[in-house]
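This is what each chain is made of:
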Amino acid sequence: MIKKKTAFTLVELLVVVAIIALLVSILLPALGKAREKAREVVCASNFRQWGIAINAYSNDNNGKIPASVRLGGKFGGALPSLIYIASYAKVNNFEDYSDQFNIHTMVEYMPGFDFDNHDIDPAWHCPASRINGEGLFTQYPNITLDTDPTAIPLWWYPMTYSYYGRVDTWDKNFYVNAREELTGEMLRGDRLLMSDTLYRWHDNNGSWWYNHGKNGPSVHDQRWGNTVKSGTPDITGTNRMFGDGHVEWKAANEFDPELMESLDPSLSQSFNSSRDTCFW
């Protein structure tokens, strides 16, 4: 007696495929959220490392801390999302900018920015951001920390983190909302020191730079990434690090994206004549 071979019917196969497709559609969003949550945790860990580094710098320098990058002179408008490459800058006849946030100084306390090998440690960037850090080396392949300042056409680097040190030195014409919430001369546990970069650029498209977004990050400057997003920001939140090194997460529901997009100065951390806006 010949046994009949058993096999799935076409209908049964279609049912199995449909079930698998349904399960995948259910699991993918959950996996995406899990990955983003993991990035938030790694990001917070990066900030804790920065907290240790800046506190170590402060201990070695009689309690002083670096100041945020200020363009246009010693007391010019602050740009918290930038870090100078070295302790000088191609501006104002190559002034000494050693008191401002710069890689040359901070790499002693936060290792991992290797100009010789064109390598940047992940702790220097938010893991959720899609910044092209290698852009620094591909645009200027011969740059080093010891390069003659007159030979540096690009003297700043766009970190994916914003640094708010020495807000007391910011120019009075540079609008600051709730200045008392930012770090002045001394590190304090109730004053914001660093956060995920989150600001709207003042170009015609009104593009954003932020790390943690519902549909991914935005990097408004195409030299450093190709995820330019305009309009109301779809952020999920930001990590914030305070002067004592502790880190807090500020969720999306604590922001008002529509008002942020409107450049309402009453909501902005900083606001200047060129209509740069940074939020915290």
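For clarity, every value in this text was computed on a predicted model and none was experimentally measured.

On to the overall build of the protein, then. Each helix and strand counted, the protein has four helices and 16 strands in total. Burial status across the protein gives 48% buried among its 280 residues. Sequence-distant contacts in the protein: of pairs separated by 6 or more residues, those separated by 24 or more amount to 60%.

A separate point is the pairing of strand β11 (residues 207–210). What you see with β11 is no split at all: Ser 207 and Trp 209 on one side and Trp 208 and Tyr 210 on the other are buried throughout. The pairing of β11 with strand β12 (residues 229–230) spans two bridges and is antiparallel. Within β12, the residue paired with Trp 208 across the bridge is Lys 229.

Every other side chain in a regular strand lies on the same face of the sheet, so the side chains alternate between the two faces. By the bridge criterion, five bridges tie strand β13 (residues 237–242) to strand β14 (residues 247–251) in an arrangement that is antiparallel. Its bridge partner being in β14, Asn 239 is matched across the sheet by Trp 249. Between β13 and β14, which pair antiparallel one after the other, the connecting turn spans four residues, and Gly 245 there sits at a positive phi close to 95°.

What follows deals with the sheet that holds β13. Sheet strands line up and pair through hydrogen bonds in the backbone, either parallel or antiparallel. Read from one edge to the other, the open sheet built from four strands follows the order β7-β9-β13-β14, with strand pairing classed as antiparallel. Both outer strands of the open sheet, β7 (161–163) and β14, are each paired with one neighbouring strand and no more. Strand-to-strand, the axes of this sheet are offset by a mean angle of 25°, without reference to chain direction. Note: strand β9 (residues 192–196) against β13, three bridges, orientation antiparallel. Among the inter-strand pairings, Met 194 is bridged to a residue of β13, identified as Met 241.

What follows covers unusual backbone geometry. With a phi angle near 55°, Asn 62 is a residue other than glycine that sits in the positive phi range. Topologically, Asn 62 is positioned in the loop between α1 (10–60) and β1 (70–71). Of note in this structure, Arg 166 is not a glycine but carries a positive phi near 55°. Along the chain, Arg 166 falls in the loop between β7 and β8 (175–176).

It is worth spelling out the side chain of His 125 at this point. For His 125, the location among the structural elements is in the loop between β5 (119–120) and α3 (135–139). We classify His 125 as buried; its relative accessible area is 12%. A polar contact is formed between the side chain of His 125 and the side chain of Tyr 157, at a distance of 2.8 Å. The residues touching His 125, leaving out its near neighbours within four places in the chain, are Asn 46, Ile 120, Ile 131, Gly 133, Tyr 157, Thr 160 and Tyr 161.

Here Asp 234 lies in the loop between β12 and β13. Note: C-alpha distance between Asp 234 and Gly 213 (21 residues apart in sequence) is 5.4 Å. Not counting residues within four places of it along the chain, the set of residues in contact with Asp 234 comprises Tyr 210, Gly 213, Lys 214, Asn 215 and Gly 216. Within the structure, Asp 234 has its side chain in polar contact with the side chain of Asn 215 (distance 2.9 Å).

Counting residues in hydrophobic clusters, the biggest one holds 43 residues, and the most contacted among them are Trp 50, Phe 113, Trp 124, Tyr 157, Met 159 and Met 194. Among the elements of the structure, α1, β3 (82–84), α2 (103–106), α3, β6 (156–158), β7 and β9 are those that each provide at least two residues to this core. Leave out the neighbours within four places in its chain, and Phe 113 touches Ile 103, Val 107, Asp 119, Ile 120, Trp 124, Leu 136, Phe 137 and Tyr 157. If you look at the next biggest cluster of nonpolar residues, it comprises seven residues, including Tyr 164, Val 167, Leu 192 and Phe 242.

Topologically, Thr 197 is positioned in the loop between β9 and β10 (198–200). Taking relative accessible area as the criterion, Thr 197 reaches 1% and is therefore assigned buried. Within the local environment of Thr 197, its side chain forms a polar contact with the side chain of Ser 162, the two groups lying 3.2 Å apart. Discounting chain neighbours no more than four positions away, the residues touching Thr 197 are Ser 81, Met 159, Thr 160, Tyr 161, Ser 162, Trp 209, Tyr 210 and Asn 211.

Further remarks concern a nonpolar patch on the surface. A cluster of nonpolar residues, Val 15, Ile 19 and Leu 23, forms a patch on the protein surface that exposes about 260 Å² of accessible area. Take Val 15: it is sitting in helix α1.

Remark: the centre distance and the inter-plane angle together describe each pair of aromatic rings, the angle taken between the planes. For the structure on display, the rule yields eight aromatic pairs. Relative to Phe 101, the ring of Trp 50 has its centre 5.9 Å away and its plane inclined at 55°; by these criteria the two rings are tilted. Linking Trp 50 in helix α1 with Phe 101 in the loop between β3 and α2, this pair joins segments that are 51 residues apart in sequence. Among the residues examined, Trp 50 registers a relative accessible area of 0% and is labelled buried. Overall, the relative accessible area of 1% leaves Phe 101 in the buried class.

The rules behind the values
Residues numbered from 1 in each chain as written. Predicted model: local features only at pLDDT ≥ 70, side-chain atom pairs only at ≥ 80, totals over all residues. Heavy atoms only, no water. Helix = DSSP H or I, 4+ residues; strand = E, 2+ residues; numbered from the N terminus. Buried < 20%, exposed > 50% of the residue type's maximum accessible area, 1.4 Å probe, protein only. Contact = heavy atoms within 4.5 Å. Pairing = 2+ DSSP bridges. Axes fitted to C-alpha atoms, helices over the stretch in contact; angles between N-to-C directions. Polar contact = N/O pair within 3.5 Å; in protein donor to acceptor, adjacent residues only side chain to side chain. Core = buried A, V, L, I, M, F, W, Y, C linked by side-chain atoms within 4.5 Å. Patch = residues over 30% accessible without salt bridge, like charges linked within 9 Å, V, L, I, M, F, W, Y side chains within 5 Å. Areas by Shrake-Rupley, 256 points an atom, 1.4 Å probe, with all protein chains shown as cover. Salt bridge = Lys/Arg side-chain N within 4 Å of Asp/Glu carboxyl O. Phe/Tyr/Trp six-rings, centres within 6.5 Å; stacked < 30°, edge-to-face > 60°.

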